[in-house]
Amino acid sequence: MGFTIAQGLMLVLLIASTMAVSTARSFGNSNNAQTSNKIIVGDSYHWNYGFNYTEWAIKHGPFYLNDTLVFKYNPPTPKTFPHSVYLLPNLQSFIKCDLRNAQMQGNTTQGAGEGFEFVLKKSQPHYFACGEHDGIHCLNGTMKFFVLPIDNC
């Protein structure tokens, strides 16, 4: 099944917005020597259902090589829905929330306490999504985001 026109346009808009924010912030910084940062995904909201992480990523960019994303979420209880973090292999998997070839980065308990860390070591898109319940939290469009780290030189 291919992309719809609406999905393609949304993707182009998302990539253009991310690149524009990254470029603007890079030019606005007179000292281009960036240090790596620890960034809590979702800020004080952490990695939870009901928050738009795509918007969060756009607002918090640019992301740089060697930045560390910290995913914090509560372990599962009888009263909460579990969360996990998957790294999806490509854009099509990201758009469709297709977890078949995704790699689990954090299971349902690893986000507790200080959370777990993911270091952005490659200058390529990193597509993240919640994979619990066959990706239902990803499919509704909120518990997924991508970053394209740029060189911090």
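Residues numbered from 1 in each chain as written. Predicted model: local features only at pLDDT ≥ 70, side-chain atom pairs only at ≥ 80, totals over all residues. Heavy atoms only, no water.

As named in an unreviewed UniProt entry, the protein is Phytocyanin domain-containing protein, taken from Lithocarpus litseifolius.

Peer 1: Residues and numbers for the confidence of the model for the protein, please.
Peer 2: Looking at the protein, the pLDDT average stands at 84 and 78% of residues meet or exceed 70. The low-confidence segment residues 16-31, where pLDDT is below 50, has 13 contacts with residues more than four positions distant or belonging to other chains. (pLDDT = per-residue confidence, 0-100. Contact = heavy atoms within 4.5 Å.)

Peer 1: How would you summarise the sheet that holds strand β4 (residues 103-106) if you had to cite specific residues and measurements?
Peer 2: Spatially, four strands are ordered β4-β3-β6-β7 in an open sheet, and the strand pairing comes out antiparallel. In this open sheet, the two strands that pair with only one neighbour each are β4 and β7 (144-147). Strand-to-strand twist in this sheet, taken as the mean axis angle between neighbours without regard to direction, amounts to 30°. (Pairing = 2+ DSSP bridges. Helix = DSSP H or I, 4+ residues; strand = E, 2+ residues; numbered from the N terminus. Axes fitted to C-alpha atoms, helices over the stretch in contact; angles between N-to-C directions.)

Peer 1: Describe the side chain of lysine 72, and please don't skip the residues or the numbers.
Peer 2: Residue position: lysine 72 is located in the loop between β2 (68-71) and β3 (85-88). Buried charge lysine 72 goes without a salt bridge, the closest partner of opposite sign being glutamate 114 at 4.3 Å. (Buried < 20%, exposed > 50% of the residue type's maximum accessible area, 1.4 Å probe, protein only. Lys, Arg positive; Asp, Glu negative; His and termini not counted. Salt bridge = Lys/Arg side-chain N within 4 Å of Asp/Glu carboxyl O.)

Peer 1: So what about the layout of surface pockets? Which residues, and what values?
Peer 2: By volume, the second largest pocket amounts to about 240 Å³. Taken together, 14 residues form the lining of the second largest pocket, with Leu87, Leu88, Gln124, Pro125 and His126 sitting closest to its centre. Elements represented by at least two residues in the lining of the second largest pocket include exactly β3, β5 (116-119) and β6 (126-129). (1 Å grid on protein atoms, 1.4 Å probe; cavity = no way out; pocket = protein on both sides within 12 Å on 5 of 7 lines; lining within 4 Å. Points joined across faces, edges and corners; volume = space filled by probe spheres on them.)

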